[in-house]
Amino acid sequence: ALGVIAALCASSAAATTTATTRVQRNANMAKLQAGYLFPEIARRRNAFLEANPEAKIISLGIGDTTQPIPKHILSGLQTGSSKLGTKEGYSGYGAEQGVGDLRSKIATKLYNGLIKPEEVFVSDGAKCDIGRLQLLFGSEVTSAVQDPSYPVYVDTSVMMGQTGAVDSSTPAGQFPGIVYMQCNPSNGFFPDLDKTPRADIIYFCSPNNPTGATATKEQLERLVRYAKDNGSIIVFDAAYAPFIRSPELPKSIYEIDGAREVAIEVNSFSKYAGFTGVRLGWTIVPNELKYADGTPVRNDFNRVTCTVFNGASNIVQSGGLACLDDEGLAEIQTLIEYYLENAKILRNAMIEIGFEVYGGMDSPYVYVDLEGKSSWDMFSEIMEKAQVITIPGAGFGPGGEGFLRLSAFAPRESCIEAAARLKKMFA
């Protein structure tokens, strides 16, 4: 009997390990190159720690906030949570577009009335909204991205089927069907729009990740004019807007005349208030923005939102309301100043070493010119010799090769220690 049972178990195990479905893999997923950047960084870091368990790693890599959520903002989250334990305060499903009070507060407190509450779609973060926007636009559009840029714009375009397979004949491998807008020191990190082929959707981030460059009003006026002339839609990623301290630099695309007719804006509380793990963001879709057939884009985005999203957490939205109280806004400014001081420490250290450095002012990212050296090689060298994690520019696209990104989202003491280690390494 035992022999029969063993045979049956062996047969079952064999069937389990060899079984396959008849479902074909999404061919667009197969086009993606290697893994997503930040898990790859974590994989290399973990492999280094496994080989060097005594290492004391400092991370200046992924842009993840490290300071605790401030008292008043935290009280909003606590209140939202406590309400769910009472008969009077309990709430279930809410409006998919977000709590009305929060939508109104975003419009008034952050945009000074430049946008209307009904144009605000509260979400679980800007990254998720980029995915929903891709679903909105579909597979037939052509997308343009800054090069280098946040990897999500390119990867989601590939997933949606907007591209061909990667072109191995290009210097670092680019996807046919995507317009790569070169942004580098020679053009002030702003694309030459006169030489940029038309695209349906233009992804533009300012302050930029990874370069730290912040577009001027004149540059954004050119971008809006370009979109109007070409019948394109701008997706403006303003996730790092609160780091802008220079009063002449726009924090929103809607500060530019005519932008309401051609631009969507995505933003997030992640960097504002340390909500990277809490998850709360928003997207603005103006009423004036219309497709070629006259259909308001907002109508379709509302349909996408209501179909694939049940709305941001009630608890988290309570925290968002607290963020936009006067006390919460003051706490946000304190957090931003903390990280900007970190950026100053890192920027000054790299300049003292002798590198050409960009960003780190009006931005939490310091972008270092490696003078032609491989960014992945430099990443490895710094990790091994200084035990500091950075981000290789190549991970942000072909245009990032030869650069390194340092993130100011670290404890102050870590930034000071990292600066000292880097100075010693390059001495």
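This section reports on the structure supplied with the text. (Residues numbered from 1 in each chain as written. Predicted model: local features only at pLDDT ≥ 70, side-chain atom pairs only at ≥ 80, totals over all residues. Heavy atoms only, no water.)

1. Quick look at the nonpolar core
Here's step 1: Judged by nonpolar contacts, the single largest core of 95 residues is most densely connected at Phe 137, Ile 253 and Phe 275.
Here's step 2: Here Ile 253 is in contact with Leu 220, Val 224, Phe 236, Ala 259, Ala 263 and Glu 265, once residues within four sequence places are set aside.
Here's step 3: Residues Ile 58, Val 366, Val 368 and Met 378 belong to the second largest nonpolar core, which totals 22 residues. (Core = buried A, V, L, I, M, F, W, Y, C linked by side-chain atoms within 4.5 Å. Buried < 20%, exposed > 50% of the residue type's maximum accessible area, 1.4 Å probe, protein only. Contact = heavy atoms within 4.5 Å.)

2. Thoughts on unusual backbone geometry
Trans is the common state for peptide bonds, and a negative phi is the common state for residues other than glycine.
Here's step 1: In this structure, the amide linkage connecting Ser 206 to the following residue, Pro 207, adopts the cis form with an omega of -10°.
Here's step 2: Within the secondary structure, Pro 207 sits in the loop between β5 (201-205) and α8 (217-230).
Here's step 3: Cis peptide bonds are those with omega within 30 degrees of zero, and the linkage from Asn 209 to Pro 210 qualifies with 25°.
Here's step 4: With respect to the helices and strands, Pro 210 occurs in the loop between β5 and α8.
Here's step 5: One non-glycine residue, Phe 189, lies in positive phi territory at about 60°.
Here's step 6: Here Phe 189 is to be found in the loop between β4 (178-182) and β5. (Helix = DSSP H or I, 4+ residues; strand = E, 2+ residues; numbered from the N terminus.)

3. Thoughts on the pairing of strand β3 (residues 143-147)
Here's step 1: Among the five residues that make up β3, five are buried, leaving the element largely enclosed by the rest of the structure.
Here's step 2: Residues Ser 143, Val 145 and Asp 147 line one face of β3 and the alternating positions Ala 144 and Gln 146 line the opposite face, and both faces are buried.
Here's step 3: As judged from the three bridges shared by β3 and β5, these two strands associate in the parallel manner. Following the sheet pairing, Val 145 is matched in β5 by Tyr 203. (Pairing = 2+ DSSP bridges.)

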